[in-house]
Each structure stands twice: as structure tokens, then as C-alpha cells.
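Residues per chain are reported as follows:
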Amino acid sequence: MNYKISVIDDNSSDTEYVAALVTRWAESAGHVAGISVFPSAEAFLFRYEDEKDFDILLLDVEMGEMNGIDLAKRIRQGNDAVQIVFITGYPDFIAEGYEVAALHYLLKPVSYEKLHEVLDKAAANIAKSEKRLCVTYDRRTDFVPLSQILYIEAQKQYVIVHTFGGTYRMKQSFAETVDELDEFFLKCQRSFCVNLCHITRIKGSSVVLKNGEEVPISRGMAEKIGKEMIRLF
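Since this is a predicted model, take the numbers as computed values, not measurements.

Rules behind the numbers
Residues numbered from 1 in each chain as written. Predicted model: local features only at pLDDT ≥ 70, side-chain atom pairs only at ≥ 80, totals over all residues. Heavy atoms only, no water. Helix = DSSP H or I, 4+ residues; strand = E, 2+ residues; numbered from the N terminus. Polar contact = N/O pair within 3.5 Å; in protein donor to acceptor, adjacent residues only side chain to side chain. Contact = heavy atoms within 4.5 Å. Buried < 20%, exposed > 50% of the residue type's maximum accessible area, 1.4 Å probe, protein only. Pairing = 2+ DSSP bridges. Axes fitted to C-alpha atoms, helices over the stretch in contact; angles between N-to-C directions. Disulfide = S-S within 2.5 Å.

A.B. asks: Residue-level account of the side chain of Glu228, with values.
C.D. replies: For Glu228, the location among the structural elements is in helix H7 (residues 221-232). Here Arg231 takes part through its side chain, which lies 3.0 Å from a polar atom of the side chain of Glu228. Glu228 has contacts with Leu186 and Leu196, leaving out every residue within four places of it along the chain.

Right, dumping it as C-alpha cells:
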């Protein structure tokens, strides 16, 4: 399995140490881990604006102007799927972790055995709770959580996957892509399939999504969408 993991700590030695442990875990478990490191919460948020598909975050609690708890709260405003693990030298912050559904707290110095156990749990949670769409584009392959997908659009022989973090354009049939989605997606028009979880308003000829975008729907589809949303939610 492929995982996108970030280590965020203002102590470079700690960052390198934890990143090395994560690499060791991935190799031992047969996973592929794309590991990125950041020296501050602000530096991570700058990247997060364009890339919201992180799977696991390992956050130092005590950092500069924005600490790990505040960063986690910011992330949780629009992302409840990412696995958050706090790393700290003090146990005083543990209660605050419950506010952001933290997976675990690790006390410094982090042991490989304990980190291995926590990462195994994170991987199990991801596999259990989140189906992903394999998206191949620009000679890259990403596994995009379905919860982050707003809608799918067909453009000739290509499919455009619209997410909160941006768009992916891949050469694949629309029908094949739709078959890989779950029950929360509904084909609302010949060339569009929308994630019902992100609809905020149903209009006569379109639906409005959480990010303000409008997706066209076929005539008579508004009632069907409404019924499906009532059934699912």
C-alpha cells in the first residue's frame, strides 16, 4: 500500500530521526511511503493548500507561532480522514488531542517499537474506513480518498477528478472510473458523477457543492438526488 506521510517538527534532529523510523516501518511492512518533512506548522500549511491527500501526520506539539494542536484543528475543519499522531516531550497536552480525534500520542524520545505499532494502527484505520481511487496522471500514481473527491467529469477519452485539493486528469473511461466509486456517488448527468456527501443545495439544473462549484444535472434528476441523500444521510 502507498501512504503519503508528513513529519512536522521544528527540531531538525527529531524530524530526521522520526522520518528514518517511518522509512524503516514502511520497508518492514512492505509499504511504499512518500515521506515529507516540515520545520513548522506554517510550512506544512503552505504545502497543504495544494496537496490535501496526506494519509498520516506526525506532529510535534510544541512549535513556534502555531503549535501542533492548532495545526490539527485547522486541518480537521475540512479533513476528518487523515490519521493524526502527536509527538511531544510532555504529557500535558493529551486531553486536547481528543478534540481533533488524534490517533495517539507518542512521547519523546520515540521508540521504533511504539511508532511501528501506531503506524500499523493508522494503516488499518485507513484500509478499513476509506476507499481510495487510483489516479494515474503525468507519469505519477496517487491514491485519492473518495471523501476528498467532489465530482468526476468525462472529457472525451479522459476523466477529470475534481477534489478539494485540485484536479487530476487521467486517461481512463468514465464508466470504468464510476465503477470504482462507492454508494455515495451518483451519475447525475451524461458526463458527470457527483459525491452526494458534498452537495449543499439542489437546484433545477445543477447541484451546489461545499466549495461553491455547481455541477450540471439531467432533467428530472433533482428529485432522485434528494431521495438518495435522504436515504444515505
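A.B. asks: Any chance you could break down the side chain of Asp55 for me, citing the residues and the numbers?
C.D. replies: Looking at the secondary structure, you find Asp55 in the loop between helix H2 (41-48) and strand E3 (56-60). Owing to a relative accessible area of 3%, Asp55 belongs among the buried residues under this scheme. A polar atom in the side chain of Asp55 sits 2.6 Å from the backbone nitrogen of Lys4. Beyond its immediate stretch of four places on either side in the chain, Asp55 contacts Asn2, Tyr3, Lys4, Val82, Gln83, Ile126 and Arg132.

A.B. asks: Please give an account of the sheet that holds strand E8 (residues 149-155) that cites residues and values.
C.D. replies: For sheets, the rule is that strands pair by backbone hydrogen bonds, running either parallel or antiparallel. Pairing within the open sheet is antiparallel, and its 5 strands lie in the order E10-E9-E8-E12-E11. Two strands in the sheet have a free side with no partner beyond their single neighbour: strand E10 (166-171) and strand E11 (185-189). Put simply, the sheet's adjacent strands are angled 20 degrees from each other on average, direction ignored. With 3 bridges joining them, E8 and strand E12 (residues 192-195) adopt antiparallel strand pairing. If you follow Tyr151 over to E12, its bridge partner there is Val194.

A.B. asks: Give me the lowdown on the state of the cysteines, citing residues and values where you can.
C.D. replies: Summed over the entire model, instances satisfying the criterion amount to 0 disulfides. Counting only cysteine sulfurs, Cys193 is the nearest neighbor of Cys134, a cysteine outside any disulfide, at a range of 17 Å. Taking the relative accessible area as the measure of exposure, Cys134 reaches 30% and is therefore partly exposed. Free of any disulfide, Cys188 has its nearest neighbouring cysteine sulfur in Cys193, separated by 6.9 Å. Classification of Cys188 as buried rests on a relative accessible area of 1%.

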